[in-house]
Amino acid sequence: MLKAVFLSVGCAWVAAGAQFPCTMAPLQGTAACDTSQTPSARAQYIVSQLTLDEKLGLFSNGAKSVPRLNIDAYQWWSEALHGVASSPGVSFAQPTPNATSFPQVITTAASYNKTLWGTISSAISTEARAMNNVGHAGLTFWTPNINLIRDPRWGRGHETPGEDPVTTATYAAHFVPGLQEGEDSKHLKASACCKHYYGYDMEDSDGADRHNFNAIISLQDEADTYLPAFHSCVVNGRASGMMCSYNAVNGTPSCANERIMNGFARGKWGFDGYITSDCGAVADVCNNHHYANQDDTCRDVLQAGMDSDCGGFLASYLNTSISRGVTPMSAVDTALEHLFAMQVRFGAFDPASEQPYLNYSYTTAVNTPAHQHLALEAARQGMVLLKNDGTFPLDATKYPTVAVVGPNANATSVMQANYYGVPPYLISPLMGVSKYAKTLYAEGCDTNCNSNSGFSAATAAAAQADATVLVIGISTTQEAEGRDRTSIALPGYQEDLVTAVLSAAKGPVMVVVMAGGSVDFTVAKVNPLAKGIMWVGYPGQSGGEAIADVVFGAVNPSGRLPHTQYPKDYTNGLSMLDMNMRPGTSNPGRTYRFYTGTPVYAFGSGLSYTSFSYKNAGPSVSVSANALAADCAANNADAVYSVTWNATVFATVHVEVTNTGKLAGSDAVLAFAKAPNAGKGGVPLKSLFAFEKVHLEPGETATVAFDLHSLDLAVADAAGKFAPVAGTWQVAIGPNDELLIPVNVQ
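Nothing here was measured: the structure is a model prediction, and the numbers come from that model. (Residues numbered from 1 in each chain as written. Predicted model: local features only at pLDDT ≥ 70, side-chain atom pairs only at ≥ 80, totals over all residues. Heavy atoms only, no water.)

**Concerning the sheet that holds strand β10 (residues 274-277)**
The strand order across the open sheet built from three strands is β3-β7-β10, with neighbouring strands paired in parallel fashion. Strands with a single pairing partner mark the edges of an open sheet, and in this sheet they are β3 (193-197) and β10. Looking at each pair of strands side by side, their axes are set apart by 25 degrees on average, direction ignored. Pairing analysis gives three bridges linking β3 to strand β7 (residues 241-244), with the strands arranged parallel. Paired with C193 across the bridge in β7 is G241. (Pairing = 2+ DSSP bridges. Helix = DSSP H or I, 4+ residues; strand = E, 2+ residues; numbered from the N terminus. Axes fitted to C-alpha atoms, helices over the stretch in contact; angles between N-to-C directions.)

**Description of the environment of Y419**
Counting through the fold element by element, Y419 comes out in the loop between β12 (401-405) and α15 (429-434). Given a relative accessible area of 1%, Y419 falls into the buried group. Separated by 127 residues in sequence, Y419 and A546 place their C-alpha atoms 21 Å apart. Within the structure, Y419 has its side chain in polar contact with the side chain of E481 (distance 2.5 Å). (Buried < 20%, exposed > 50% of the residue type's maximum accessible area, 1.4 Å probe, protein only. Polar contact = N/O pair within 3.5 Å; in protein donor to acceptor, adjacent residues only side chain to side chain.)

**Focus on the pairing of strand β20 (residues 665-674)**
Among the ten residues that make up β20, nine are buried, leaving the element largely enclosed by the rest of the structure. Note that β20 and strand β21 (residues 687-696) share nine bridges and pair antiparallel. Residue pairing in the sheet places F672 in a bridge with L688 of β21. Pairing of β20 with strand β25 (residues 727-733) involves four bridges; the strand directions are antiparallel. Residue K674 lies in a different strand from β25, and its bridge partner there is Q730.

**Quick notes on unusual backbone geometry**
Glycine aside, the phi torsion of most residues is negative, and most peptide linkages are trans. Residue P26 is reached from A25 by a cis peptide bond, and omega for that bond is 10 degrees. If you trace the backbone, P26 turns up in the segment before α1 (39-48). Residue Y198 follows Y197 across a cis peptide bond; omega there is -5 degrees. You can see Y198 is positioned in the loop between β3 and β4 (204-205). Positive phi, close to 55 degrees, is recorded for H290, a residue that is not glycine. Residue placement: H290 occurs in the loop between α9 (281-287) and α10 (294-304). Located in the positive-phi region is C449, a residue other than glycine, with phi close to 50 degrees. With respect to the secondary-structure elements, C449 resides in the loop between β13 (438-442) and α16 (455-464).

**What to know about the pattern of salt bridges**
In this structure the tally under the stated criterion is 30 salt bridges. In this structure, R560 engages D667 in a salt bridge whose closest nitrogen and oxygen atoms are separated by 3.0 Å. Of this pair, R560 sits in the loop between α19 (543-551) and α20 (591-594) while D667 sits in strand β20, placing them 107 residues apart in sequence. Across the pair, exposure class does not vary: R560 and D667 are buried alike. Residues participating in the shared-partner salt-bridge network are R156, E159, E203, R210 and E481. (Salt bridge = Lys/Arg side-chain N within 4 Å of Asp/Glu carboxyl O.)

**Regarding the packing of aromatic side chains**
What the rule picks out here adds up to 25 aromatic pairs. Ring centres of Y197 and F230 lie 5.0 Å apart, and the angle between their planes is 45 degrees; on these two criteria the pair is classed as tilted. Highlighted residues: Y197 in strand β3 and F230 in helix α7 (residues 228-235), separated in sequence by 33 residues. A single burial state applies to Y197 and to F230, both of which are buried. Aromatic ring contacts, followed pair by pair, group Y112, W117, Y171, F175 and F691 into a single cluster. (Phe/Tyr/Trp six-rings, centres within 6.5 Å; stacked < 30°, edge-to-face > 60°.)

**Overview of the sheet that holds β21**
Reading across the sheet, the five strands line up as β18-β26-β25-β20-β21 and stay open at both edges, with mixed pairing between neighbours. This sheet does not close on itself; its edge strands, each paired only once, are β18 (621-623) and β21. The sheet shows a mean angle of 25 degrees between the axes of neighbouring strands, direction not considered. Strand direction decides the pairing type here: β25 and strand β26 (residues 739-745), joined by seven bridges, are antiparallel. Counterpart to W729 in the pairing with β26 is V743.

This is the structure we're talking about:
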């Protein structure tokens, strides 16, 4: 979305002091106010009472008021990717100056803790409701971003849960209910929005940008990569909102794509909510994709299933399109019915006395001690330890002086990444380490690192200190909305900075990588002077405290990389416009599922200060290929690899996880399926199908059960249809196949 393009026009649906249309004429006592009827039926009545002029004012994200019916104006565009965020629908003026800033999604995803994901989104919607109650936030939040990181150069990859379809689908399935559901079963707490639907994962690269890019996606990739997260967001998460994306797919702009909106989402998946365009995407249909003229664009987007235009295209051209007989009133009314049904679900037409969410206040619901601790805990669980020669954690009594150096050593707002609000505080790595030791600070260079003039200060600090924390990486200067990278190497002279600091350091060095997308930090991996490496993503308001807690052992790390860390030559000759997941002539394969090279660090990598062992705790497993085939045939109606929560279980593998070390710790147990013909003919090398996080004391054992469904033991063909593969599959536990459990499909 384009930030800060459209001004807020108020968010007063159910805010304190807002009008409740059902308490006064002309709607009082009508079907609009009959709580025994469905939201859809009530919305149909409301729309039937509108004049054409009134209808025309309701299609923009800044929907106008309808004074005749006592309906307030509403701003549909509010953001809450990892906390209530600055956007046209959100104000951080008094009395709501702050909101909790949780880690960016890529860091939270690295926790692989499903419960945590839902707890965070519930906290976000609690804060959102409190802000809405004073008119400082809307209730339609355009989150989560569930596009996959297809290419590591994508500027918005850090807004997502990573590169894996199942991780992303599972994130959506837990984040969305947390945001939408609460103590009031009759009303939505807030609305989640599955975005960007679909095939959106580039900003401006290789001669195209997101506003004119036509993504060529095969049915095979669509089925097992690009659509599963959206299917899960709707079916498992029960999302009430979706957003169609800027790009076209196979020649059809997403916001005019009836196949995916009315066909898949509303038709096959049962979506019951509203669909907004991304901001300016309706204009793109006409002006950048050149798909249709102005009149036809109005018709095409509404008939395809879009309801609200974030922008001004419909406001400018819909009336003319209607008057010329191009856009039928039935399409206009259907869209408005979807929008007003949302208002009903929020409680805009219900008595205030029946809405407990109206009692939420800023002082008791926003930036609470519990939410502050949750932001810290999320950052702690998202820390991914990648290298440790046994030096870490540090004993603070033995390392009284610590150098904290590097481009992100004193990062604050960098830790919030994209789509952030005003946090109550930001704890940088320098501030975090300062709680444990006396610190020496030197930046060395900024993240661009175009000069080495500051290196001497950094090396001097490292040479003087008892230990060093070197914080390298990138920021939204390199990766952001509207900004893809051209290289995944550390920017500028950062590699030289790493080498210089490692060579000069008197004591052990922990290299901390603060970055959303993949960067090649082989320079630290192969250097024995780097005693530890930790990837942290963008860890939010308490990120520096979490980093220090891991360095000094107050926290035992348990995160897992949610995306592959590629070598910098991975992108050589690989076009950002190549949407193919499978390897090709100039494509080495995308993500861990298809990449044929050697990563710097593999997807799912992550160490602990303790150790864990895995053991097969179940009987041999065999599954009927015919039974799988029959179930796949039924699932092929949806044409996506996204297992519904009530899907048939065909087998279960049981894994004993034992803490074999000396410290209590948590382990994210990842379960992958490897087909008999893995890596051949377009079959994935392996695919994550389930994961669980367990906490174990030293010597403690827990048994984790992983269910296998038909789609877990099937492969999509060129037509996007799934069929089981006969033979011996392997369930691989851990990113390095620490345990292999055979599953016979016969």
